[in-house]
Amino acid sequence: MDRKTALIEFIKNEVMRNKNAKLDENEDLLSAGVLDSLAILQLVAFIEDRFGIKIPDEEVVFENFQSVNALTSYLENSH
Amino acid sequence: MIKRLLILNGLAAVGAVVNHAVVWELTAIFYWTNRYLPPDGLTYDQLESWRLFSVRLIDQLVIFAVFAFLFISGYFIAVAAGREQRSIAWKLVFHRIKFLIIPYLIWSGVILTFNLLQGKTYTLSELIKIILLGGASPPYYYVILLVQLYILSPLLVPLARARWKMLLVVTGLLQVLTLAAYYAGIFDIEMGRLEPVLVVLRDWHLIGYAFWFVLGMVIGFHLHDFRPVLIRWRWFLLCGLVLFFLIGFIEWNVIRQLAGRDWISPQTIFFNRVYILFLLLSFVAFEAMPVPFATLFSKLGPKSYGIYLVHVIPLEMAARSLYHIAPALLAYQFIFIPILTFAGVGIPVVLMEIMNRSFVRRYYKYVFG
């Protein structure tokens, strides 16, 4: 499973708690209320555990977590 | 550090439950002694006993809970604001508040329904006041406080970015003013015309607690600058943490005795606020230090709001059940408090798991946040 699919699955299952939810890859996850403070922390922990990627604290910012595409491209560009 | 915030949140969730279990322990100490002491046992004879001081010690360990929640919420605002945005979107604030308010209304409704079933009555205006002020249960003041801070956050973000020192000083001074108002209340000092101001300072939690939210925001925005300083001073922070833990503990008892009170809220003690500050900064500074039961606490972290909202119900049920079924246990603090804590954390977590595994799990956020 590629990173993007794994991220989408995690967000749907663990954050939105709805496997059948529609999740646009460009959707603004924060403004749409999908991600809150704890969900971001969960997502960071998931990325570290699943992909073995440690995201520096300074990189945990809106721009990198804004959407699935933003997060995927951040992970690809920096790791 | 980010992952440690999840652990801190879990620790704070358990801390909040212990903090409120202490209230029931005090009830057992002061009002329920007839259930476990001989008939001639005086109700207040435990006032200066080891039991009171050990419960205070337990309380001292966990009084950081709400301050940690506020710190983490403030840090999140910094994350949500990002590097380039001038502030955070109102839409984000709206969604955040939505998932705070709806669960809050549900659980306030549950508590009020329990109260009605027990014969309590409310007028419509009383109900409105309870909902607006978080009055269904004493810990619910936190929800109203957090909502106000989120509403203010779009205005605070530019200040936390550009004028963070001023913002910290102003909110810090407001906190000191609030503590002064608490002290005036503890010592029954009449302030004449200033009395209404003191009432506002004491009752409007936003004034005294904003500092902790702002601190989280400021550290979030300026982590790059703060981190090396905090790491360099980490041993100083740790020493300060231990020192102020003790000073706060002593100050509480001195003030309590001088004021002739049985109990005063430890959160209203100046040096306890200093101790909590050192604790949070130490948590950031010692980011590589492992936390015992880190996995457990990081699993509880995301459930913290649900635990916070629900725990008051199982706490009360467990305490009252023990009063009726096993009153002898009320005499044993180190059994009574763990049972309450286990119920206060365990029952909400079980309820959350049941909902999470049910066909209505998509509505989970509306019930537990």
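Just so we're clear, the structure is a prediction, and the values are computed from it rather than from any experiment. (Residues numbered from 1 in each chain as written. Chains lettered and ligands numbered in written order. Predicted model: local features only at pLDDT ≥ 70, side-chain atom pairs only at ≥ 80, totals over all residues. Heavy atoms only, no water.)

1. Describing the overall build of chain B
Thought 1: A count of helical and extended segments in chain B gives 17 helices and zero strands.
Thought 2: For 369 residues, the compact-globule estimate of 2.2 N^0.38 gives 21 Å, and the C-alpha radius of gyration of chain B, at 21 Å, lies within 12% of that figure.
Thought 3: Out of the 369 residues in chain B, the part that is buried amounts to 56%.
Thought 4: Across chain B, every contact between residues at least 6 apart in sequence was considered, and the portion connecting residues at least 24 apart equals 80%. (Helix = DSSP H or I, 4+ residues; strand = E, 2+ residues; numbered from the N terminus. Rg over C-alpha atoms; globule rule 2.2 N^0.38 Å. Buried < 20%, exposed > 50% of the residue type's maximum accessible area, 1.4 Å probe, protein only. Contact = heavy atoms within 4.5 Å.)

2. A look at the interface of chain A and chain B
Thought 1: Contacts between the two partners involve 29 residues from chain A, matched on the other side by 33 residues from chain B.
Thought 2: With both sides pooled, the region where chain A packs onto chain B buries about 2,800 Å², and carbon together with sulfur makes up 55% of that total.
Thought 3: Area buried by chain A at its contact with chain B is led by Arg17, Leu41 and Asp57 of chain A, which between them contribute 25% of it.
Thought 4: Counting every contact that joins chain A to chain B gives five salt bridges.
Thought 5: Between chain A and chain B we count eight residue pairs in polar contact (both at pLDDT 80 or more) in total.
Thought 6: Of all the secondary-structure elements, those providing two or more residues to the side of chain A that touches chain B are α1 (3-15), α2 (37-51) and α3 (62-65) of chain A. (Buried area = accessible area lost by both parts, 1.4 Å probe. Salt bridge = Lys/Arg side-chain N within 4 Å of Asp/Glu carboxyl O. Polar contact = N/O pair within 3.5 Å; in protein donor to acceptor, adjacent residues only side chain to side chain.)

3. Comments concerning α2 of chain A
Residue pairs three or four apart in sequence face the same way in an α-helix, which turns once every 3.6 residues.
All names here are of chain A.
Thought 1: With 15 residues, α2 extends 21 Å between its outermost C-alpha atoms, agreeing within 8% with the 21 Å of an ideal straight helix rising 1.5 Å per residue.
Thought 2: Every buried residue of α2 is accounted for by Ser37, Leu38, Ala39, Ile40, Leu41, Gln42, Leu43, Val44, Ala45, Phe46 and Ile47.
Thought 3: Directly after α2, the chain includes Gly52, whose backbone phi takes a positive value near 70°. (Expected span 1.5 Å × (residues − 1).)

4. Some details on the packing of α1 of chain A against α2 of chain A
Residues and elements named next belong to chain A.
Thought 1: Contact pair α1 / α2: the axes reach a minimum separation of 11 Å and the direction vectors enclose 140°. Here α2 runs oblique to α1, going by the angle between their axes. When you trace α1 past α2, the crossing you get is right-handed. Seen from α1, the contacting residues are Arg3, Ala6, Leu7, Phe10, Ile11 and Val15; seen from α2, they are Ala39, Gln42, Leu43, Phe46, Ile47, Arg50 and Phe51. (Axes fitted to C-alpha atoms, helices over the stretch in contact; angles between N-to-C directions. Parallel < 35°, antiparallel > 145°, perpendicular 65-115°, else oblique. Left-handed = near helix turned anticlockwise from the far one by under 90°.)

5. Topic: the confidence of the model for chain B
Thought 1: Mean pLDDT over chain B stands at 93; residues scoring 70 or higher make up 97%.
Thought 2: Per the prediction output, this complex has pTM 0.93; the corresponding ipTM is 0.87. (pLDDT = per-residue confidence, 0-100.)

6. Things to note about the packing of aromatic side chains
In this description, an aromatic ring pair is defined by two values, namely the gap between the centres and the angle between the planes.
Thought 1: According to the stated counting rule, one finds 26 aromatic pairs over all chains in the structure shown.
Thought 2: Ring geometry for Tyr104 of chain B and Tyr140 of chain B: centres 5.7 Å apart, planes at 65°, overall edge-to-face. A residue pair is termed long-range when its members are at least 10 positions apart, and Tyr104 of chain B in helix α4 (residues 90-117) and Tyr140 of chain B in the loop between α5 (124-133) and α6 (141-162) qualify at 36 residues.
Thought 3: Measuring from ring centre to ring centre gives 5.6 Å for Trp233 of chain B and Phe236 of chain B, while their planes differ by 80°; the resulting arrangement is edge-to-face.
Thought 4: A relative accessible area of 49% means that Phe236 of chain B is categorised as partly exposed.
Thought 5: One Lys or Arg, Arg3 of chain A, reaches over the ring of Phe51 of chain A and ends 5.8 Å from the middle of that ring.
Thought 6: Over the aromatic face of Tyr364 of chain B sits the side chain of Arg17 of chain A, whose NZ or CZ is 3.5 Å from the ring centroid. (Phe/Tyr/Trp six-rings, centres within 6.5 Å; stacked < 30°, edge-to-face > 60°. Lys NZ or Arg CZ within 6 Å of the ring centre and 35° of its normal.)

7. Let's talk about the pattern of salt bridges
Thought 1: Applying the stated rule across the entire model yields 13 salt bridges over all chains.
Thought 2: One salt-bridge network, held together by shared partners, links Asp57 and Glu58 of chain A together with Arg227 and Glu287 of chain B.

8. Quick word on the environment of Ser265 of chain B
Thought 1: Relative to the helices and strands, Ser265 of chain B is located in the loop between α11 (234-259) and α12 (270-285).
Thought 2: With 202 residues separating them in the primary sequence, Ser265 of chain B and Ile63 of chain B have C-alpha atoms 9.8 Å apart.

9. Things to note about the nonpolar core
Thought 1: Ile40, Leu43 and Ile47 of chain A together with Leu70 of chain B are the most contacted members of the largest nonpolar core, which totals 153 residues.
Thought 2: Top element by residues in this core is helix α1 (residues 2-30) of chain B. It accounts for 18 residues.
Thought 3: Every residue in contact with Ile40 of chain A, bar those within four places of it in the chain, is listed here: Leu30, Leu35, Val60 and Phe65 of chain A together with Phe76 and Val79 of chain B.
Thought 4: Ranked by size, the runner-up nonpolar core spans eight residues in total, among them Tyr182, Ile186, Ile264 and Ile269 of chain B. (Core = buried A, V, L, I, M, F, W, Y, C linked by side-chain atoms within 4.5 Å.)

10. Some thoughts on unusual backbone geometry
Thought 1: The backbone phi angle of Arg17 of chain A is positive, close to 55°, even though this residue is not glycine.
Thought 2: For Arg17 of chain A, the location among the structural elements is in the loop between α1 and α2.
Thought 3: A positive phi angle, near 55°, is found at Phe293 of chain B, a position not held by glycine.
Thought 4: Checked against the element boundaries, Phe293 of chain B lands in the loop between α12 and α13 (294-300).

11. Looking at a nonpolar patch on the surface
Residue and element names in this part refer to chain B.
Thought 1: A cluster of nonpolar side chains, namely Phe187, Ile189, Met191, Leu194, Val197, Val242, Leu246, Ile250, Val254 and Leu258, defines an oily patch on the protein surface of about 870 Å² accessible area.
Thought 2: Residue contributions to the nonpolar patch peak at five residues, all from α11.
Thought 3: Along the chain, the position of Val242 falls in helix α11.
Thought 4: Classification of Val242 as partly exposed rests on a relative accessible area of 47%. (Patch = residues over 30% accessible without salt bridge, like charges linked within 9 Å, V, L, I, M, F, W, Y side chains within 5 Å. Areas by Shrake-Rupley, 256 points an atom, 1.4 Å probe, with all protein chains shown as cover.)

12. Things to note about the side chain of His20 of chain B
All names here are of chain B.
Thought 1: Inspection of the secondary structure assignment puts His20 in helix α1.
Thought 2: With relative accessibility at 16%, the residue His20 sits in the buried group.
Thought 3: Of note is the side chain of His20, whose polar atom sits 2.9 Å from the backbone oxygen of Ala16.
Thought 4: Sequence-distant contacts of His20, defined by excluding residues within four places in its chain, comprise Pro139, Tyr308, His311 and Leu315.

13. What to know about the packing of α1 of chain B against helix α2 (residues 50-62) of chain B
All names here are of chain B.
Thought 1: Running from amino to carboxyl end, α1 crosses α2 at an angle of 165°, the nearest separation of the two axes being 9 Å. Judged by the inter-axis angle, α1 sits roughly antiparallel to α2. Remark: the crossing between α1 and α2 carries left-handed chirality. Judged by residue contacts, Gly15, Val18, Asn19, Val22, Glu25, Leu26, Ala28, Ile29 and Phe30 of α1 engage Arg51, Leu52, Val55, Ile58, Asp59 and Val62 from α2.
Thought 2: Taken together, the residues of the contact of α1 with α2 break down into ten nonpolar, two polar and three charged. (Nonpolar A, V, L, I, M, F, W, Y, C, P; charged D, E, K, R; others polar.)

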